[in-house]
Amino acid sequence: MEKFYFTSAVRGYHVYKHVWKPSIGEKLVAQCEFNNPMDEHAVQVVKNTETVSHLPREFSRIAWYFLAHGGEISIEVIGRRRHCKQHCGGMEIPCQLEFSCAKEVQMNCLKELLAKKIQV
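Residues numbered from 1 in each chain as written. Predicted model: local features only at pLDDT ≥ 70, side-chain atom pairs only at ≥ 80, totals over all residues. Heavy atoms only, no water.

Participant: Please clarify how the state of the cysteines should be interpreted in this entry.
Facilitator: Should the sulfur atoms of two cysteines be covalently bonded, the bond is a disulfide. As enumerated under the stated definition, the model contains zero disulfides in all. Looking at the unpaired Cys 32, the closest cysteine sulfur is the one in Cys 101, lying at 13 Å. Taking the relative accessible area as the measure of exposure, Cys 32 reaches 12% and is therefore buried. (Disulfide = S-S within 2.5 Å. Buried < 20%, exposed > 50% of the residue type's maximum accessible area, 1.4 Å probe, protein only.)

Participant: How should I be thinking about helix 2 (residues 57–68) in this particular structure?
Facilitator: Each α-helix turn comprises 3.6 residues. Residues three or four places apart therefore point the same way. The end-to-end C-alpha distance of helix 2 is 16 Å, a good match for the 16 Å that twelve residues give at a rise of 1.5 Å each. Of all the positions in helix 2, only Phe 59, Ser 60, Ile 62, Ala 63, Trp 64, Phe 66 and Leu 67 are classed as buried. In the segment just after helix 2, Gly 70 is the residue with positive phi, at about 95°. (Helix = DSSP H or I, 4+ residues; strand = E, 2+ residues; numbered from the N terminus. Expected span 1.5 Å × (residues − 1).)

Participant: What am I meant to see in the pairing of strand 2 (residues 27–32) here?
Facilitator: Remark: a regular strand shows side chains that alternate across the two faces of the sheet. Of the two faces of strand 2, only one is covered, namely that formed by Leu 28, Ala 30 and Cys 32; the face formed by Lys 27, Val 29 and Gln 31 stays uncovered. Where strand 2 lies against strand 5 (residues 72–77), three bridges are found, and the strand directions are antiparallel. Bridge assignment links Val 29 to a residue of strand 5, and that residue is Ser 74. With four bridges connecting them, strand 2 and strand 3 (residues 43–47) associate as antiparallel partners. Across the sheet, the residue bridging to Gln 31 is Gln 44, located in strand 3. (Pairing = 2+ DSSP bridges.)

Read these as spatial facts, not as claims about activity.
Following this line, the structure appears as structure tokens:
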């Protein structure tokens, strides 16, 4: 299984702070969030069975399709919460995302799409 790492953050801490206290090194999982009224391609971040955050909207559509087509995304908290001045003005938690998939073609497509998002 091929793996690809991407440094980013998870957002929405202010919404979930009553159920989650992030700690460096903590492992989480990303899942497609079907039926999200705000974003049809929302990707929720889950600890055990509880939603604790979301992937940033800037690349959630890419991540959503990756997950929907058999990919997996593991998340490791790598920093303390911080203000997200660039995009949302709220709080975000720095994380390392690990994308894994058995399909090489899908991994190559993912890398290309994320590279374009980084350049924008």
